[in-house]
Amino acid sequence: MDRMVMHQRLSIFKGKRVLVTGDTGFKGSWLCVWLRQLGADVVGFALPPKRDNDHFNLLQLDQVIRHIEGDIRDLPALRSAFEQFQPEFLFHLAAQSLVRYSYEEPKLTFDTNVAGSVNVLECVRTTPSLRAAIYVTSDKCYRNKEWLWGYRENDELGGRDPYSASKAAAELIFSAYADSYFAQRQGLGIASVRAGNVIGGGDWAADRIVPDSIKSLQQRQPILLRNPLSTRPWQHVLEPLSGYLSLASKLYADPRGYSGSWNFGPRVESIRTVRDLAQRIVECWGDGKVEIAQQQPTPHEARLLQLNCDKAIQVLGWAPRWDFDRTVDITVQWYRDVTNGMAARQVTSRQIEQYMES
Ligand SMILES: NC(=O)c1ccc[n+]([C@@H]2O[C@H](COP(=O)([O-])OP(=O)(O)OC[C@H]3O[C@@H](n4cnc5c(N)ncnc54)[C@H](O)[C@@H]3O)[C@@H](O)[C@H]2O)c1
């Protein structure tokens, strides 16, 4: 998708009412800034941010959008947000999003990612103003066969750990609602979207490689790697978000043509090891070193996982814009600029503009 096409597609959001669940999270906060830059009227619905330095707080996002503090497990509260705002677009991102934490809190993970998503779909069912909805799951919804090939949208679902199983379950529930209710509804397009590991400025979540690395570098400690040879499809947070926005604009214009499931992953060259990523972070930061942690028994984590994105490339005209090196450069630049005192809102907005112009 060239620049002109992207600008034209995303111009649909100007003046539109958009509801984002999970706006206090990493991806949700970037999405809300982008939607505001596109001129949308945005309401966010989520639990409070967890840390003082969360992207949401650094951006003072509650001054830029309307933020409703609420729990997606609470159907009446969620319904009331939909009823009051009457959104035309929905992006559902709220989730318990961490694999390792899901081993500690399986019930919380299933309650949030499965029952919470059912509540979201119930609200979709009863909100006639909605024209397009994006339902975010994960690349981990696929049964991981640890094979070399990328997973396609029609591959088998499954998950060994509670997080992955919760996302596979969320997909099955999505299909049931799509077939039972939305297929017959005129004027509503709805899609589930599956992306891989995203990186970018403003993420401080526990047990994620970029925040852990940046914290080590800021404290002048070596970056300690648990699973240096694990391979992941690294992509900048703006890449899948551009896919979600582009898909939502198409769903709005042609609901039947674009409803279904979509993968948004990076190019094959961005499928790199954790060690490659950490080394590139050190290069971009300009200082520091990488060490391998003593092997301790850790819960099972899938090793190799990649997405086949032919459908998004061919049908949607979407493609990743930033290669691996650029993705890491831009990410590290965000943390460096903010560490050096630049306002996060300015850094984030500038990176969104950079992305739109690249
Ligand atoms: N970050 C990644 O690498 C990645 C990869 C694949 C899929 N995803 C998916 O993308 C989505 C967004 O991920 P993220 O990285 O921004 O996650 P995050 O953990 O940074 O944010 C999660 C958001 O969900 C909200 N939330 C959690 N439980 C809630 C509840 N019960 N009620 C209301 N809000 C609740 C949080 O308040 C927060 O706003 C999630 O669905 C996640 O599973 C993320």
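The structure we're discussing is the one just above.
Summary of the structure given here. (Residues numbered from 1 in each chain as written. Predicted model: local features only at pLDDT ≥ 70, side-chain atom pairs only at ≥ 80, totals over all residues.)

### Remarks on the overall build of the protein chain
Item 1. When helices and strands are tallied, the protein chain shows 14 helices and 13 strands.
Item 2. For 358 residues, the compact-globule formula gives about 21 Å, and the C-alpha radius of gyration of the protein chain, at 19 Å, lands near that figure.
Item 3. Restricting to contacts in the protein chain with at least 6 residues of sequence separation, those with at least 24 account for 80%. (Helix = DSSP H or I, 4+ residues; strand = E, 2+ residues; numbered from the N terminus. Rg over C-alpha atoms; globule rule 2.2 N^0.38 Å. Contact = placed C-beta atoms within 7 Å.)

### Digging into the nonpolar core
Item 1. Within the largest apolar cluster, 99 residues are counted, with the highest numbers of intra-cluster contacts made by Leu35, Ile134, Ala191, Val193, Leu247 and Ala248.
Item 2. For this core, the leading source of residues is helix α9 (residues 238–253), giving 8 residues.
Item 3. In this view, Ala248 contacts Phe89, Ala132 and Ile134; residues no more than four positions away in its chain are not counted. (Core = buried A, V, L, I, M, F, W, Y, C linked by C-beta atoms within 7 Å. Buried ≥ 20, exposed ≤ 12 C-beta atoms within 10 Å, placed from the backbone.)

### Observations regarding the site of the ligand
Item 1. The environment of the ligand is formed by 25 residues, the closest being Gly22, Gly25, Lys27, Leu47 and Ala95.
Item 2. Elements with a contribution of two residues or more to the shell around the ligand: α2 (26–37) and α6 (106–125).
Item 3. Examining the composition of the shell around the ligand, we find that 3 residues originate from one element, α2, more than from any other.
Item 4. Class assignment for the residues of the shell around the ligand results in 11 nonpolar, 10 polar and 4 charged. (Near = placed C-beta within 6 Å. Nonpolar A, V, L, I, M, F, W, Y, C, P; charged D, E, K, R; others polar.)

### Some points on the sheet that holds strand β4 (residues 89–92)
Item 1. Strand order in this open sheet of 7 strands is β3-β2-β1-β4-β5-β6-β11, and the pairing throughout is parallel. Edge positions in the sheet fall to β3 (66–69) and β11 (260–264), since each has one partner strand and no second. Shown here is a sheet whose adjacent strand axes are inclined to one another by a mean of 20 degrees, direction ignored.
Item 2. In this structure, strand β1 (residues 17–21) lies alongside strand β2 (residues 41–46), joined through 5 bridges in parallel fashion. Among the inter-strand pairings, Thr21 is bridged to a residue of β2, identified as Phe45.
Item 3. Against the sheet, α9 contacts β4, β5 (132–136), β6 (189–195) and β11, and its axis sits at roughly 165 degrees relative to β6. (Pairing = 2+ DSSP bridges. Axes fitted to C-alpha atoms, helices over the stretch in contact; angles between N-to-C directions.)

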